[in-house]
Amino acid sequence: MAPVGGTAVQDHVALAEIELCGELIIAASAAHERLSLESIDEVLKVAEERDSSGR
């Protein structure tokens, strides 16, 4: 239960994960068939993350 009194704590990692889940849900609902692994990586911007980390 959230504390009463307006002391909001934001978990930025959790918020980012929720945003990514939302992006996947939107992509899956717009697709006519199952998303491929490549499509999922594209939605999650996995390739961009790999490129920016130098791997």
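All figures in this text were calculated on a predicted structure; none of them were measured in a lab.

## Quick word on the packing of helix α1 (residues 12-30) against helix α2 (residues 37-44)
Right, on to step 1. Closest axis-to-axis distance for the α1/α2 pair is 9 Å, and the angle between their directions is 135 degrees. Classified by the angle their axes make, α1 and α2 are oblique. Helix-helix and strand crossings are classified by hand; for α1 and α2 the assignment is right-handed. Residues Leu 20, Glu 23, Leu 24 and Ala 27 of α1 form the contact with α2, whose own contacting residues are Ile 40, Val 43 and Leu 44.
Right, on to step 2. Across the contact of α1 with α2, the residue classes tally to six nonpolar, no polar and one charged.

## Notes on α1
Right, on to step 1. The first and last C-alpha atoms of α1 sit 27 Å apart over 19 residues, in line with the 27 Å expected at 1.5 Å per residue.
Right, on to step 2. Where α1 starts, the residue carrying a side-chain oxygen 3.2 Å from the main-chain nitrogen of Val 13 turns out to be Asp 11.

## Considering unusual backbone geometry
Right, on to step 1. Its identity as a non-glycine residue notwithstanding, Lys 45 has a phi of 60 degrees, on the positive side.
Right, on to step 2. By the element assignment, Lys 45 lies in the loop between α2 and α3 (46-53).
Right, on to step 3. Exposure remark for Lys 45: the relative accessible area of 49% places this residue in the partly exposed category.

What counts and what doesn't
Residues numbered from 1 in each chain as written. Predicted model: local features only at pLDDT ≥ 70, side-chain atom pairs only at ≥ 80, totals over all residues. Heavy atoms only, no water. Axes fitted to C-alpha atoms, helices over the stretch in contact; angles between N-to-C directions. Helix = DSSP H or I, 4+ residues; strand = E, 2+ residues; numbered from the N terminus. Parallel < 35°, antiparallel > 145°, perpendicular 65-115°, else oblique. Left-handed = near helix turned anticlockwise from the far one by under 90°. Contact = heavy atoms within 4.5 Å. Nonpolar A, V, L, I, M, F, W, Y, C, P; charged D, E, K, R; others polar. Expected span 1.5 Å × (residues − 1). Polar contact = N/O pair within 3.5 Å; in protein donor to acceptor, adjacent residues only side chain to side chain. Buried < 20%, exposed > 50% of the residue type's maximum accessible area, 1.4 Å probe, protein only.

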